[in-house]
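Fold and geometry: a report
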Amino acid sequence: MAVKNFFFVAFLICLLITACKKNNSEANHTPPDPIKTAKGVANGTPFSKVIGSAGGELTSADGKLKLVVPAGSVSANTEFSIQNITNTLFQSEVRTAYRLLPEGTTFTKPVQLQFRYTDDDTLHTTEDLLTVAFQRTDGAWAVLPTSLNKAAKTLTTETTHFSDWTITGGLYLQSEDTQLGLGQKTIIQVVSVSRLGLGVDENVLAPASPPLLSEDRDKIESIDNWKIASGIGSIGVETGQLGKIQSEAEYGAPANMTENRRTMTITVDVKGYNLIKDPAAPGGVRRLNKMILFERITVLKEFFKATIGATTYNFTGQEAVALVTAGGLTVGGRNNDFNLVIVLSGAAAGTYNCNFDNGIQANSLTGSTQVYSTAYTKCLGAGAVFSGAPIEIKRVESAGGWVEGKFSGSLFNSLADPCAGPMPTIVTEIEFNIIRRN
């Protein structure tokens, strides 16, 4: 009997040790931080309508979001508004988010939000993974149960409060940088719906970092097989992620390429994903077997290319420069044969009309046989004429970053006589992507 008791006690101790190890493992597992962003900035005029206790509908100006207020949601006439805002969840894309006003308002009955999705909403994910998210007061994006209707291409959810809203993927790829220079690298993560101690119907978007939360482990069978589906460069996962869950990879841009710009497509396989709540799906959950997620990364090399008439000038390396001074932005290209300077009064992305402050000057350095400009002075000094084509600046990053822009229009032949008739022009195409020096 004593022997039996000994083994029984030893068995209990083993069970306790195993349980403690499991609990400690769970306790030591730090869940991923949810994705938090700044609030979006209002864009344009809100679209408004007064809705009373009988209920009603309101559709956004672009027709992509319909708000359905059932009878009894409000007790008195209330002005409802849909305000387009910048989408801080997908900052690098032209994808609208919406602010429902009055913000912070709560309702006695849930109101329905019906989003109409397009191909732009599947840039990082697939149709089966689309869902609707709102931004919480702490900046995190929470996902609500969303009904997917593929035939109508709509996503429908219900809410009892107003906030900022957007279409997202319940599972998608997100790169730290979607534009890289030659030889640069970026981290690509799988973003997933994650249960971080929130309510039953509120889950947040967060990196699907291993180890997964215990309640999610049986819902994601594997994340692996990272590859460059189209393009060049390198892709790899860290040694610690060589198991079934490889939720993070590093893409490296090529050291050189023939094109000035090339888009690379990165993919990863996911099996057994079962985390999106959908009232319209069997059992209230979308059950997906195998899917391929993809992310697109554009690789740029430093270049300054100008085609003036039939002649193309390529400025490379130290021949091209981009500077920001107190007067604005200056972009220039100069080699042994030709010199071209773009001067702008501002130093931010935008469109600049040619005038006394903004313009282009180009000339040959061998006998000044060619001088071109976006402006000229009329005969006998009777005022100035400027090119009607604007100079477009796509981005101006901080020192060491990119300055990108283009011009497509005509330059005047500055050597011609303005009193001899209409000034001759020459068709000009300029495109540049230069590392800023200061």
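No experiment lies behind these values; they were computed from the predicted model shown.

1. What about the overall build of the protein chain?
When helices and strands are tallied, the protein chain shows one helix and 33 strands. For the protein chain, buried positions account for 43% of its 438 residues. Accessible surface, the protein chain as shown: approximately 21300 Å² in total, 53% of it carbon and sulfur.

2. Topic: a positive patch on the surface
A surface patch of positive charge is lined by Lys-227, Lys-244, Lys-271 and Lys-290. Turning to its location among the elements, Lys-271 is positioned in strand E19 (residues 261–277). Assessed through its relative accessible area of 32%, Lys-271 is described here as partly exposed.

3. Quick look at the state of the cysteines
Applying the stated rule across the entire model yields one disulfide. What pairs with Cys-379 in a disulfide is Cys-419, and their sulfur atoms sit 2.0 Å apart. Disulfide Cys-379-Cys-419: the torsion about the S-S bond is 100°, which places it as right-handed. One end of the pair, Cys-379, is in the loop between strand E29 (375–377) and strand E30 (384–386); the other, Cys-419, is in the loop between strand E32 (402–413) and strand E33 (425–435), with 40 residues separating them in the sequence. When its relative accessible area of 26% is taken as the criterion, Cys-379 is described as partly exposed.

4. Points about the packing of aromatic side chains
Tallied over the entire structure, the rule returns 11 aromatic pairs. Following the ring pairs from residue to residue traces out a cluster consisting of Phe-80, Phe-107 and Phe-162.

5. Considering the sheet that holds E19
Each strand in a sheet pairs with another by means of backbone hydrogen bonds, the pair being arranged parallel or else antiparallel. Judged by pairing direction, the sheet is mixed, and its four strands sit side by side in the order E13-E20-E19-E16 without closing on themselves. A strand with exactly one partner marks an edge of an open sheet, and here the two such strands are strand E13 (179–181) and strand E16 (222–230). Averaged over neighbouring strand pairs, the angle between their axes works out to 25° when direction is ignored. Bridge analysis of E19 against strand E20 (residues 285–300) gives 14 bridges, and the strand direction is antiparallel. Directly across from Lys-277, in E20, lies its bridge partner Val-285.

6. Regarding the pairing of E20
In terms of strand pairing, E13 meets E20 through three bridges, oriented parallel. Across the sheet, the residue bridging to Leu-180 is Val-299, located in E20.

7. Side note on the pattern of salt bridges
Between side chains of opposite charge, a pair can form when the charged atoms approach closely. As enumerated under the stated definition, the model contains 16 salt bridges in all. The partner of Arg-395 in a salt bridge is Glu-397, with the nearest N and O atoms 3.2 Å apart. Taking relative accessible area as the criterion, Arg-395 reaches 12% and is therefore assigned buried.

8. Let's talk about the confidence of the model for the protein chain
The predicted model of the protein chain averages 86 in pLDDT, with 88% of residues at 70 or higher. Per-residue pLDDT stays below 50 along residues 1–28; that stretch engages in two contacts with residues further than four places along the chain or on separate chains.

9. Here we look at the side chain of Asp-121
As for its placement among the helices and strands, Asp-121 is situated in the loop between strand E6 (106–116) and strand E7 (130–135). A distance of 3.0 Å separates a polar atom in the side chain of Asp-121 from the backbone nitrogen of Thr-118. Those residues in contact with Asp-121, other than ones at most four positions away along the chain, are Lys-64, Arg-95, Leu-130 and Ile-167.

10. Examining unusual backbone geometry
Glycine aside, residues mostly have negative phi, and peptide bonds are mostly found in the trans state. The omega torsion across Leu-101 and Pro-102 is 5°, close enough to zero to call that bond cis. Note that Pro-102 resides in the loop between strand E5 (97–101) and E6. Phi angles above zero are rare outside glycine, and Lys-153 is one such case at about 55°. With relative accessibility at 37%, the residue Lys-153 sits in the partly exposed group. Of note in the backbone geometry, Asn-225 takes a positive phi value of approximately 65° without being a glycine. Relative to the helices and strands, Asn-225 is located in strand E16.

11. Regarding the environment of Lys-66
Among the secondary structure elements, Lys-66 is positioned in strand E3 (residues 65–69). Lys-66 sits 90 residues away from Thr-156 along the chain, and the two C-alpha atoms are 9.5 Å apart. Residues in contact with Lys-66, not counting those within four places in the same chain, are Glu-57, Leu-58, Thr-59, Gln-112, Leu-113 and Gln-114.

12. Points about the nonpolar core
Ranked by internal contacts, the top residues of the largest apolar core, which has 37 residues, are Val-190, Leu-205, Tyr-251, Tyr-273 and Leu-293. Broken down by secondary-structure element, the contributors of at least two residues to this core are strand E8 (141–144), strand E12 (171–175), strand E14 (185–194), E16, strand E18 (248–252), E19 and E20. Sorting elements by how many residues they give to this core places E19 first, with seven residues. Among residues more than four places away in sequence, those in contact with Leu-205 are Pro-34, Ile-35, Leu-89, Trp-141, Val-143, Thr-168, Gly-169, Tyr-172, Val-191, Ser-192 and Val-193. Judged by nonpolar contacts, the second largest core, of 29 residues, contains Phe-315, Leu-329, Leu-344 and Tyr-352.

Here is what the cut-offs are and how they apply
- Residues numbered from 1 in each chain as written.
- Predicted model: local features only at pLDDT ≥ 70, side-chain atom pairs only at ≥ 80, totals over all residues.
- Heavy atoms only, no water.
- Helix = DSSP H or I, 4+ residues; strand = E, 2+ residues; numbered from the N terminus.
- Buried < 20%, exposed > 50% of the residue type's maximum accessible area, 1.4 Å probe, protein only.
- Areas by Shrake-Rupley, 256 points an atom, 1.4 Å probe, with all protein chains shown as cover.
- Patch = residues over 30% accessible without salt bridge, like charges linked within 9 Å, V, L, I, M, F, W, Y side chains within 5 Å.
- Salt bridge = Lys/Arg side-chain N within 4 Å of Asp/Glu carboxyl O.
- Lys, Arg positive; Asp, Glu negative; His and termini not counted.
- Charge placed at Lys NZ, Arg CZ, Asp CG, Glu CD.
- Disulfide = S-S within 2.5 Å.
- Phe/Tyr/Trp six-rings, centres within 6.5 Å; stacked < 30°, edge-to-face > 60°.
- Pairing = 2+ DSSP bridges.
- Axes fitted to C-alpha atoms, helices over the stretch in contact; angles between N-to-C directions.
- pLDDT = per-residue confidence, 0-100.
- Contact = heavy atoms within 4.5 Å.
- Polar contact = N/O pair within 3.5 Å; in protein donor to acceptor, adjacent residues only side chain to side chain.
- Core = buried A, V, L, I, M, F, W, Y, C linked by side-chain atoms within 4.5 Å.

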